[in-house]
Amino acid sequence: MLPVPPPPPNILRLLDVLHCGAALVDRQGHYAHLNARLADMLGRPAADLLGHRVRTTYSDPADQDRLAQLIDFEHPIEGEFFLERPDGHRTPVVFAGQALPADPPAPPEYLVITVFEIAQQKQALEDVADLSDTVLEQALRLRGDNHLLEERVRQRTAELHDANMTAITMLAIASEARDEDTGNHVKRIEAAAHAVALEMGLPAPEAEQIGYSAILHDIGKIHVPDHILKKPGRLTEAERHEMQQHTVIGQRILSDNPFFAVARQIARSHHENHDGTGYPDRLAGDDIPLPARITHVVDVFDALSSPRVYKDAWPCARARQAILDGRGSAFHPDVVDAFLRYLDRQSVPAADAEVDVDLRTDR
């Protein structure tokens with residue numbers, strides 16, 4: 001039997017910066033890693049749990065069996081359960097899990113699990129459920145409490161949305177953690193993608209979704225080795241190929257959860273060019289999903305106008321001209337036009353002449 005490879009260090013660093021509980025579990029159901037937040041939620045030092053079966057943190061055999069059924073390496077998982085502390089206290093949680101991709105044809109060896117507390121939300125739902133239909137009708141009729149119930153639903157929806165946004169923001173920042181511009185790049189991408197989508201006439205909810213989905217465009221870079229990601233010079237063909245795999249890996253990391261549908265489109269296709277010369281699928285024109293077309297433009301502009309390990313920051317006017325020069329080749333004309341209108345409102349000046357740049361960059 002071949003030895004089990006250790007967890008990738010960059011994955012461990014990613015889990016450690018998340019605000020939610022997070023763990024790596026091996027195929028035998030042992031903790032291979034857990035972050036400080038999850039250890040705190042369990043009320044035990046992380047070192048005491050490493051190497052132990054996850055099910056041993058539960059006292060009831062029925063709960064142990066239920067947990068064993070939830071550890072699924074074949075399909076993404078999500079749902080509600082609870083965490084049990086040594087004193088017997090149970091904390092309601094929402095969890096999600098997915099196998100960490102391995103190099104084919106080897107099967108995945110680790111399951112990534114994230115955990116969010118939902119005690120307040122669950123108590124609110126239980127309070128409503130405890131009311132009988134008669135009492136609820138009387139309350140609605142006598143005191144107009146339907147406004148209060150609507151507000152509770154609105155608050156819970158907002159809290160769940162905020163939890164999702166916090167999770168994807170932390171994932172995005174973790175994926176950028178090895179760059180000098182930690183966190184700021186993805187925040188700029190979110191704002192610009194949202195604004196350009198609105199400029200193109202998309203409905204506000206759809207534009208907002210494109211904005212927050214765009215921040216996960218480079219999530220697949222957590223699998224790119226540092227010697228490639230931080231290389232100051234040009235990449236070799238082999239290094240370029242490995243860098244380009246971040247698009248496919250990013251789509252895979254985001255699972256098949258409907259919440260990440262737009263983010264998956266962006267992660268895979270934000271390096272596709274309008275003329276069909278991009279990667280990984282060499283899509284062209286309107287075959288490229290619109291959220292990816294928008295993210296492509298704003299990502300290239302931000303990359304050009306920001307300092308990177310392999311180049312200095314360009315003046316905004318020069319970066320603007322590069323986007324204009326790529327209209328119809330690298331970028332969809334309609335997206336470029338909307339983006340330039342957005343830049344004009346930011347008072348970004350036009351350049352005096354064309355610039356010489358290869359917009360088919362891999363970083």
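Residues numbered from 1 in each chain as written. Predicted model: local features only at pLDDT ≥ 70, side-chain atom pairs only at ≥ 80, totals over all residues. Heavy atoms only, no water.

Below, the discussion takes up the overall build of the protein. Counting its regular elements, the protein contains 16 helices and five strands. Looking at the protein residue by residue over its 363 residues, the buried ones come to 45%. Here the contacts in the protein between residues at least 6 apart in sequence split such that 57% fall between residues at least 24 apart. For the protein, the exposed area adds up to about 18,400 Å²; of that, 53% sits on carbon and sulfur atoms. (Helix = DSSP H or I, 4+ residues; strand = E, 2+ residues; numbered from the N terminus. Buried < 20%, exposed > 50% of the residue type's maximum accessible area, 1.4 Å probe, protein only. Contact = heavy atoms within 4.5 Å. Areas by Shrake-Rupley, 256 points an atom, 1.4 Å probe, with all protein chains shown as cover.)

Val196, Ile294, Ile323 and Phe339 are the most contacted members of the largest nonpolar core, which totals 31 residues. For this core, the elements supplying multiple residues, two or more each, are helix 8 (184-199), helix 9 (204-214), helix 13 (261-269), helix 14 (290-305), helix 15 (316-325) and helix 16 (333-345). Among the elements that line this core, the one with the most residues is helix 16, at seven residues. Sequence-distant contacts of Ile294, defined by excluding residues within four places in its chain, comprise Ala193, Val196, Ala197, Met200, Leu202, Ile210 and Val335. Among the nonpolar cores identified, the runner-up in size contains 24 residues, and Tyr58, Phe81, Phe82 and Phe95 belong to it. (Core = buried A, V, L, I, M, F, W, Y, C linked by side-chain atoms within 4.5 Å.)

By the element assignment, Ala317 lies in helix 15. Here the alpha-carbon distance between Ala317 and Leu343, two residues 26 residues apart in the chain, equals 10.0 Å.

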